[in-house]
Amino acid sequence: MSRQPVPIASALIQTRAVSHYYPGSRRRDPPRQALLPLDLQVEEGQFFALTGPNGGGKSTLFKILAGVMQPSAGEVLVGGKNLFAAGSGARQLLGVAFQKPALDRQLTVMENFRIHASLYGLDAGRFHRRLEAALSWSGLQDRLADRVGQLSGGLARQVELVKVLLHEPRILLLDEPTTGLDPGVRRAFLDRLLTLRREEGLTICLTSHLFEEAEAADRVGILKKGVMLANDTPEALKRQVGRNLLVLKSRRPEALEAWLRHEPAIQVQHLEGEMRLEGPDLDRLLARILVEFKEDLLSVSFKEATLEDLFIHLTGEKAVEGEVAA
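Fair warning: this is a prediction, and the values are worked out from it, not measured in the lab.

## Let's talk about the confidence of the model for the protein
Confidence in the prediction for the protein averages 87 pLDDT; 93% of positions are at 70 or higher. Between residues 320-326, whose pLDDT stays under 50, and residues either more than four places distant or in other chains, the model counts 31 contacts.

Given below as structure tokens:
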């Protein structure tokens, strides 16, 4: 059964000029600004993915949205209520999974589930119905009597993700939720999230270092040095780069780049020994490059722009596992 929409003024999650400072590492050091004033809206039923370089402010923003850290300035609204002033009224809407599972390793999987259910006031019938649905994507059906401490990291992650779905939150905040999961389980979990969004109007906000997960989102934000560099649909973001990229390897990259300075519409980035060219009429440009530098070229390829290409375009950094989180 589909839920009735929560009556809200506008967005289900909203930040208004939220910023945050951390104190300097030494007493005389000035505060370090982790987030510049940030306005963000996540609509009800929307899937929002956040990525960005390590140290860009993602963890800070996630902790603020989860209600575990108050911002230095600004306001956070959840379901139209101030997250820090309204207390449980706003937090009741949230289901939060941090990178490290918040589980009792000495208890069994089922005991962890029962404790979570009791904290949210689930009666026995509702608990078992929710548990059956939440387990459907996982590999935990035969592990309910096992102690959490005996599970692999991937299975413990599954326990955490099943647990967070039990109380039927309206909003899921997930910090790199599929870390440690094998590809099949990761895909099953993402499919489950998309089903919940479609059938129950679940709002999802996650960080991820996997661009294939961000591709499934309605909107993607890229955060660097506390600034939201981009926030749009995946397709609109990829159009910022262009439909295709021309990727070259040359024996004389300096000479080629000097020649390309006469092409003001072409942007050049160097990455791991490659030259990545963005701009119009790349096929015609390649024909001219082949005339001038054919003997110097080691490889030539066209590739369709992806979210990772946009990430590189905006940050000048290559995404590596563990480095980029959305």
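What follows continues from the structure just given.
## What to know about the packing of aromatic side chains
Given two aromatic rings, one states the distance between the centres and the angle between the planes to describe the pair. Counted according to the given criterion, the structure contains four aromatic pairs. With 5.6 Å between their ring centres and 75° between their planes, Phe 62 and Phe 98 make a pair best called edge-to-face. With Phe 62 in helix H1 (residues 58-66) and Phe 98 in the loop between strand S6 (94-97) and helix H3 (109-119), this residue pair connects regions lying 36 residues apart in the sequence. Looking at Phe 62, the relative accessible area reads 4%, which means it is buried. Between Trp 259 and Phe 293, the aromatic rings sit 5.8 Å apart at their centres with planes inclined by 75°, giving edge-to-face as the arrangement. Taken as a pair, Trp 259 in helix H9 (residues 253-260) and Phe 293 in helix H10 (residues 282-293) lie far apart in primary sequence, 34 residues in all. One exposure class covers both Trp 259 and Phe 293, and it is buried.

## A look at the side chain of Arg 186
Tracing the sequence through the fold places Arg 186 in helix H6 (residues 183-200). The charged side chain of Arg 186 is buried without a salt bridge, its nearest counter-charge being Glu 213 at 4.2 Å. Sequence-distant contacts of Arg 186, defined by excluding residues within four places in its chain, comprise Thr 178, Leu 181, Leu 210, Glu 212 and Glu 213.

## A word on H9
Among the residues of H9, those classed as buried are Leu 256, Trp 259 and Leu 260. One face of H9 carries all of its buried residues, which in axial projection span an arc of 100°. Buried residues along H9 sit against strand S11 (244-250), strand S12 (267-271), strand S13 (274-278), H10 and strand S14 (297-304).

## Concerning empty space enclosed by the protein
Overall, the coordinates contain one cavity of 30 Å³ or more when judged by the stated rule. Counted as a void, the largest cavity has a volume near 30 Å³. If you trace the largest cavity, you find it lined by Glu 176, Thr 178, Thr 179, Thr 207, Ser 208, His 209, Leu 210 and Glu 213. When grouped by side-chain class, the residues that make up the lining of the largest cavity number one nonpolar, five polar and two charged.

Thresholds, definitions, all that
Residues numbered from 1 in each chain as written. Predicted model: local features only at pLDDT ≥ 70, side-chain atom pairs only at ≥ 80, totals over all residues. Heavy atoms only, no water. pLDDT = per-residue confidence, 0-100. Contact = heavy atoms within 4.5 Å. Phe/Tyr/Trp six-rings, centres within 6.5 Å; stacked < 30°, edge-to-face > 60°. Helix = DSSP H or I, 4+ residues; strand = E, 2+ residues; numbered from the N terminus. Buried < 20%, exposed > 50% of the residue type's maximum accessible area, 1.4 Å probe, protein only. Lys, Arg positive; Asp, Glu negative; His and termini not counted. Salt bridge = Lys/Arg side-chain N within 4 Å of Asp/Glu carboxyl O. Arc of directions from axis to C-beta. 1 Å grid on protein atoms, 1.4 Å probe; cavity = no way out; pocket = protein on both sides within 12 Å on 5 of 7 lines; lining within 4 Å. Points joined across faces, edges and corners; volume = space filled by probe spheres on them. Nonpolar A, V, L, I, M, F, W, Y, C, P; charged D, E, K, R; others polar.

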